[in-house]
Amino acid sequence: MARAAPLLAALTALLAAAAAGGDAPPGKIGLRHRREVVGRSAIFGGEHFMLEETDWYLLNLFRLWWHYGISFLRLQMWVEEVMEKFMRIYKYQAHGYAFSGVEELLYSLGESTFVNMTQHSVAESLLQVGVTQRFIDDVVSAVLRASYGQSAAMPAFAGAMSLAGAQGSLWSVEGGNKLVCSGLLKLTKANVIHATVTSVTLHSTEGKALYQVAYENEVGNSSDFYDIVVIATPLHLDNSSSNLTFAGFHPPIDDVQGSFQPTVVSLVHGYLNSSYFGFPDPKLFPFANILTTDFPSFFCTLDNICPVNISASFRRKQPQEAAVWRVQSPKPLFRTQLKTLFRSYYSVQTAEWQAHPLYGSRPTLPRFALHDQLFYLNALEWAASSVEVMAVAAKNVALLAYNRWYQDLDKIDQKDLMHKVKTEL
């Protein structure tokens, strides 16, 4: 936590770090792009592979056309149209505009279309633009399972963000993506108090809101007063890890309705059971990344992962060698399920957390502004969730706090921003 002050650049970087990502140039915080290691992907349907990637781009396109017609082109056009409108947010933010609610932000980008996309499914939206049900079942669902652990019944806007990320433009930093967060915190020179926040209480002084933030750590309980407070943790009802309470607010600030999607990642060091995937000879198994359709249901993805630091001499393990595989699943894997995927293994390390909202589980979109100078950064993840989306949310909250502090209300929740931005150029 840091004493609130209207230092926009520092606040943006700090909030981006709290949101688990950021859009600051990597060179500013001494990070480098991690070298990519080539690996082929495939989609597994439970009994056989529905789609297999080859080393030849044109052959991959031909296979897509042969199996699904022009559905993949229609999907790409749909995603590009959504992303072209979504990218307007960077122009708006460059001119200092901010939004007090998620619905206002989405409406400024895509008007009622984007808002409606949070209320209709991916499948419905894609069928309307001519994508076939078979392509949705075989390919789209596999991508959504890999990113959100959910199906094509999830809302279209979140699905579009996920499908945009599947087009191969993602990248990571050398040493691990966590360095983005620690680097941004260091860049802000913030005074970080390592403690658990337990409550936020509203007070007032000279007609202005003042927030008392109580927290506890190894030393004991303490509290401080702040002019601006940003909540950068989920406030949904089933977040048992958070006991954060609010006092003195009228109307009261309640938990955000909705549920999160539990995700389990198992890192398995062992020998892949390639026979399960139809390759009795492990030397012939060609894939490093496996996505799945709704069957089998016990795992979503299987990836042969590489270290966070990749040397020039690094090579992937051969299929018959022991390697580190990442298995993403909706529940912890039973021993029998591990035996299904691996002939044998040396170790299994498991992490389980609530990774993303369970889309469609809440009736309305939340707001960034909970009170005069109390903000909720995680509101935007109820529309879509990714590092970039959370960085956008961080910048929006920083601008919103800045504009409210200086009473620059012409920069908040403005309509027809495309026209306004053009006239400001």
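Quick note: structure is the one above.
For the structure given in this document, a descriptive report is provided here. (Residues numbered from 1 in each chain as written. Predicted model: local features only at pLDDT ≥ 70, side-chain atom pairs only at ≥ 80, totals over all residues. Heavy atoms only, no water.)

1. Here's the deal with the packing of helix α3 (residues 71–86) against helix α8 (residues 156–165)
Phase 1: Packing of α3 against α8 leaves a shortest axis separation of 9 Å and a crossing angle of 100°. By the angle class used here, α3 and α8 are roughly perpendicular. Contact residues: α3 offers L75, W78, V79, V82, M83 and F86, while α8 offers A156, F157, A160, M161, L163 and A164.
Phase 2: Within the contact of α3 with α8, the residues separate by chemical class into 12 nonpolar, no polar and no charged. (Axes fitted to C-alpha atoms, helices over the stretch in contact; angles between N-to-C directions. Helix = DSSP H or I, 4+ residues; strand = E, 2+ residues; numbered from the N terminus. Parallel < 35°, antiparallel > 145°, perpendicular 65-115°, else oblique. Contact = heavy atoms within 4.5 Å. Nonpolar A, V, L, I, M, F, W, Y, C, P; charged D, E, K, R; others polar.)

2. Focus on the pattern of salt bridges
Phase 1: The final tally for this structure, using the stated rule, is 6 salt bridges.
Phase 2: The partner of R32 in a salt bridge is E174, with the nearest N and O atoms 2.6 Å apart. Placement of the pair is R32 in the loop between α1 (8–18) and β1 (40–44) and E174 in the loop between α8 and α9 (178–188), with a sequence separation of 142 residues.
Phase 3: In this structure R32 comes out as exposed when scored by relative accessible area, which is 56%.
Phase 4: Of the residues examined, E174 reaches a relative accessible area of 24% and is grouped as partly exposed.
Phase 5: Between K85 and E81 there is a salt bridge, and its shortest N-O distance comes to 3.9 Å. Taken together, the residues K85 and E81, both in helix α3 and 4 residues apart, mark about one turn of the helix.
Phase 6: Classification of K85 as partly exposed rests on a relative accessible area of 21%. (Salt bridge = Lys/Arg side-chain N within 4 Å of Asp/Glu carboxyl O. Buried < 20%, exposed > 50% of the residue type's maximum accessible area, 1.4 Å probe, protein only.)

3. Describing unusual backbone geometry
Phase 1: Of the consecutive residues H250 and P251, the connecting peptide bond is found in the cis state with omega at 0°.
Phase 2: With respect to the helices, strands and loops of the structure, P251 is situated in the loop between β7 (245–247) and β8 (260–272).
Phase 3: One non-glycine residue, E111, adopts positive backbone phi at about 50°.
Phase 4: On the secondary structure map, E111 appears in helix α5 (residues 102–117).
Phase 5: You can call E111 exposed: its relative accessible area is 51%.
Phase 6: For K189, which is not glycine, the phi torsion reads 55° and is therefore positive.
Phase 7: Within the element layout of this structure, K189 appears in the loop between α9 and β3 (196–205).

4. Considering the environment of R34
Phase 1: Tracing the backbone shows R34 in the loop between α1 and β1.
Phase 2: The class for R34 is buried, based on a relative accessible area of 17%.
Phase 3: Along the sequence, R34 and Y148 sit 114 residues apart, while their C-alpha atoms lie 24 Å from each other.

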